[in-house]
Amino acid sequence: MFELFNPHGAERTLLATTPNRWDWVLLPLVLAVLMAIGYGAMQMVQPFAVGEATDISLDPSNLPYYLLRTILRMFTALAFALLFSLTFAAVAAKYRAAEKAMIPLLDILQSVPILGFQAIAIAPFIALFPGNLFGVECAAIFAIFTSQAWNMAFSVYQSMRTVPPELNEAARVFQLSGWQRFWRLELPYAMPGLLWNMMMSMSGGWFFLVAAEAISVGKQDIKLPGIGAYIAVAIEARDGMAILWAIVAMLSGILLYDQLFFRPLLAWADKFRFEESQGETAQQSWLLDWGRRSRWMRALSDRIWIMLRSTLGWFVARPGTVATRTAAKPLNPLWLRLWGWLLIAAALLAFYGLLVFVHSQVGWHEVAHVFGLGLITLLRVLLLIGLASAVWVPIAVWIGLRPQYSQRVQALAQFLAAFPVNLMFPLVVFVLVTLQLNPNIWLSPLMVFGTQWYILFNVVAGASTIPNELRLAADNLGLKGWLKWKRVYLPAIFPSYITGAITASGGSWNASIVAEYVTWGKTTLMADGLGSYIKQMTDVGDFHRIALGIGVMCIFVMLLNRFFWRKLYLLAEDRSEE
């Protein structure tokens, strides 16, 4: 657990740089990846004028190029999301005053739908890069970032707050500074959950890809070359064959980056599991095995590890001092009280601004109507999260306890989580129209289709960190059935489940914009709800009512998180400290 930047052999003499056969095997792969990245990056800075039509062809031969552009956007957004998550979680977990503002802020940010971020971001980014496509690319990357960052931040924050007491005591014994503690203890402990949430974030990016690449706010209609824009054009044209080709391209892309990126990372991160024995259940990666056999790659990795390890000496604990604790640092009660009053004053000021906006722009009757729609969507969210938990928690625990099976279902789970709900519109419209079903009931499952996987991925990550010793002890004591779940499995995965449920809940509110307003060609099905209201106002470009809908959605998500999920979150922290 204390080995993130102290790998075996980092201090040994660097290997000779004479290439072996594994170097020649990896060289074409590395060059191909670098060339693809370079070519895609060049295409992102083409000349562009606002109002200029972007041609998106439904010819399947263009899909490899569109796939390249989409994956570049998603990995760029993922890099920024990772940086944001580590910084956010470290500050929020260590400083109580910052935590009081940052966690509610994260609740607000995850509740703002991607259309809300897009409406705010598109104009500034275009103005920042006039006459260049890079401004629109930045707006799309920012939109994808907003679908990736929040669950990663929650995952790292939850892990840092629930580090086992024995590891905290070891950090104090070794007199680790805050910087050393983060890299040697907190980040390694958070690594399994973070990697599974990174995979979920990539899948979340696919889920909202149509909104990110086919930008349509008011009279602005811009389509960037990519799989999302291809899907949007195929839906407009009612081209079922093009949608099938898009599904094939998505599956190919997911399999590609699963094998080249996530599978090696998961296999590498197996050493951070909180247990001694891994045995035959450890993750495997052919690419990681090739890299370890390659002289060039081993020499390069050794140099990188030595440089990273040297940074641990920058901020060392002074002799006789106590290392920074995982729990938030207590401050002077007077400062905490003053900070609390400042937050209350800021909230009251925001509330006053909201009252002025409502009174002057939309009217109180409209507010009452939107709150009623929010209650309908709230009922759908709670019901669907409950059903998804009942289905996926047992399955996720079974997978997490058997890493040899998790490798087999990993790519499939990513594909299912990434499957954009828009691709189901043809089937949904056909079934509902043919059978004359009520959209208020039968459109609801679409809300949780892309967000239930947050529960699956987080619980798999939590179950995979249950020590083998604990499982063997339970077997020796004869624990079986519900008693074993009650005493071992559920307490162990409870913090991870709460993290997944919080992000799944926030994602379901966002997904309501897509799920409650379904269009296929000229056929439109609408369900009553807040998501449908926001989508309708977005189509007509009524920014005042868009802001009202987004504001009400933020209020509902914040209240749900504050008075329901946060209580469970604190319970999970208390259990981890026992």
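Everything numeric in this text was worked out from a predicted model, so none of it was measured. (Residues numbered from 1 in each chain as written. Predicted model: local features only at pLDDT ≥ 70, side-chain atom pairs only at ≥ 80, totals over all residues. Heavy atoms only, no water.)

1. Looking at the packing of helix α2 (residues 63-94) against helix α10 (residues 227-237)
Helix packing for two helices is described by the angle between their axes and how far apart those axes are. One way to put it is that α2 packs onto α10 with a least axis distance of 8 Å and a crossing angle of 125°. By the angle class used here, α2 and α10 are oblique. Counted together, L63, Y66, L67 and T70 of α2 and I227, G228 and Y230 of α10 form the full contact between these two elements. In terms of residue class, the contact of α2 with α10 is built from 5 nonpolar, 2 polar and no charged. (Axes fitted to C-alpha atoms, helices over the stretch in contact; angles between N-to-C directions. Helix = DSSP H or I, 4+ residues; strand = E, 2+ residues; numbered from the N terminus. Parallel < 35°, antiparallel > 145°, perpendicular 65-115°, else oblique. Contact = heavy atoms within 4.5 Å. Nonpolar A, V, L, I, M, F, W, Y, C, P; charged D, E, K, R; others polar.)

2. What to know about the side chain of S201
By the secondary structure assignment, S201 is in helix α8 (residues 178-207). A distance of 3.1 Å separates a polar atom in the side chain of S201 from a polar atom in the side chain of N151. If sequence neighbours within four positions are ignored, S201 has contacts with L78, S147, Q148, N151 and M152. (Polar contact = N/O pair within 3.5 Å; in protein donor to acceptor, adjacent residues only side chain to side chain.)

3. A closer look at helix α1 (residues 21-43)
End to end, α1 covers 34 Å across 23 residues, agreeing with the expected 33 Å (1.5 Å per residue, within 8%). The axis of α1 is deflected most strongly, by about 25°, at L27, and proline P28 appears within four residues downstream. Looking only at α1, the buried set comprises W22, D23, L26, G40 and Q43. Next to the buried residues of α1 lie α2, α12 (286-293) and α13 (295-310). (Expected span 1.5 Å × (residues − 1). Bend = angle between axes of the 7 residues up to and from the residue. Buried < 20%, exposed > 50% of the residue type's maximum accessible area, 1.4 Å probe, protein only.)

4. A short note on empty space enclosed by the protein
Summed over the entire model, instances satisfying the criterion amount to 3 cavities of 30 Å³ or more. As a volume, the largest cavity reaches approximately 150 Å³. Every element with two or more residues in the lining of the largest cavity is listed here: α4 (114-128), α6 (149-161) and α22 (481-515). In terms of residue class, the lining of the largest cavity is made up of 7 nonpolar, 8 polar and no charged. (1 Å grid on protein atoms, 1.4 Å probe; cavity = no way out; pocket = protein on both sides within 12 Å on 5 of 7 lines; lining within 4 Å. Points joined across faces, edges and corners; volume = space filled by probe spheres on them.)

5. Points about the packing of aromatic side chains
Enumeration according to the criterion identifies 23 aromatic pairs in this entry. Centre to centre, the rings of Y39 and Y65 are 6.2 Å apart; their planes meet at 65°, and the pair counts as edge-to-face. On the criterion of sequence distance, the pair formed by Y39 in helix α1 and Y65 in helix α2 is long-range, its members being 26 residues apart. Look at F182 and W183: their rings are 5.1 Å apart centre to centre, the planes differ by 80°, and that puts the pair in the edge-to-face class. Judged by its relative accessible area of 10%, F182 falls in the buried class. Three or more aromatic residues link up through ring pairs in this structure, and these residues are F84, F88, F125, F142, F145 and W150. Directly above the aromatic system of W22 lies the positively charged group of R293, at a separation of 5.0 Å from the ring centroid. (Phe/Tyr/Trp six-rings, centres within 6.5 Å; stacked < 30°, edge-to-face > 60°. Lys NZ or Arg CZ within 6 Å of the ring centre and 35° of its normal.)

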